[in-house]
Amino acid sequence: MADRSDPVAATVDDDAAFAEGAITLWANLLTLIGTHLRETGTPRQEVLDMLTMLHETNEETIRSPRARAIASRHLMSVYRALGEA
């Protein structure tokens with residue numbers, strides 16, 4: 001844990017926490033969207049293909065290795081959940 005008396009370290013921790021929270025929110029939203037698509041008749045493979053394309057985009061555009069890894073894990077969880085649903 002960073003020393004809170006160091007404003008630079010505190011900012012880095014705050015930024016990391018914000019990014020991780022945003023990725024979690026994003027994954028939850030993807031789950032809801034994917035579930036809705038499935039319930040309205042979108043074929044499972046089409047939804048999974050969309051998630052694969054999103055993963056590939058994330059790999060190319062997310063600069064932080066840590067954020068990229070977290071996003072990948074969350075996206076894989078969504079992929080598995082929708083693939084099994």
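Here, every reference points to the structure presented above.
Residues numbered from 1 in each chain as written. Predicted model: local features only at pLDDT ≥ 70, side-chain atom pairs only at ≥ 80, totals over all residues. Heavy atoms only, no water.

Draft legend 1. Geometry of the layout of surface pockets. Here the largest pocket is characterised by a volume of approximately 220 Å³. In terms of lining, the largest pocket is formed by Ala16, Ala19, Glu20, Ile23, Trp26, Asn58, Ile62, Ser64, Arg66, Ala67, Ile70 and Ala71. Elements supplying a minimum of two residues to the lining of the largest pocket: helix H1 (7-39) and helix H3 (65-84). For the lining of the largest pocket, the leading source of residues is H1, giving five residues. In the lining of the largest pocket, the residues fall into eight nonpolar, two polar and two charged. (1 Å grid on protein atoms, 1.4 Å probe; cavity = no way out; pocket = protein on both sides within 12 Å on 5 of 7 lines; lining within 4 Å. Points joined across faces, edges and corners; volume = space filled by probe spheres on them. Helix = DSSP H or I, 4+ residues; strand = E, 2+ residues; numbered from the N terminus. Nonpolar A, V, L, I, M, F, W, Y, C, P; charged D, E, K, R; others polar.)

Draft legend 2. Spatial organisation of the pattern of salt bridges. Taken as a whole, this structure holds one salt bridge when the rule is applied. Across the salt bridge formed by Glu20 and Arg66, the nearest N and O atoms sit 2.3 Å from each other. Of the two residues, Glu20 is situated in helix H1 and Arg66 in helix H3; the sequence distance between them amounts to 46 residues. By relative accessible area, which is 26% here, Glu20 ends up partly exposed. For Arg66, a relative accessible area of 52% corresponds to the exposed category. (Salt bridge = Lys/Arg side-chain N within 4 Å of Asp/Glu carboxyl O. Buried < 20%, exposed > 50% of the residue type's maximum accessible area, 1.4 Å probe, protein only.)

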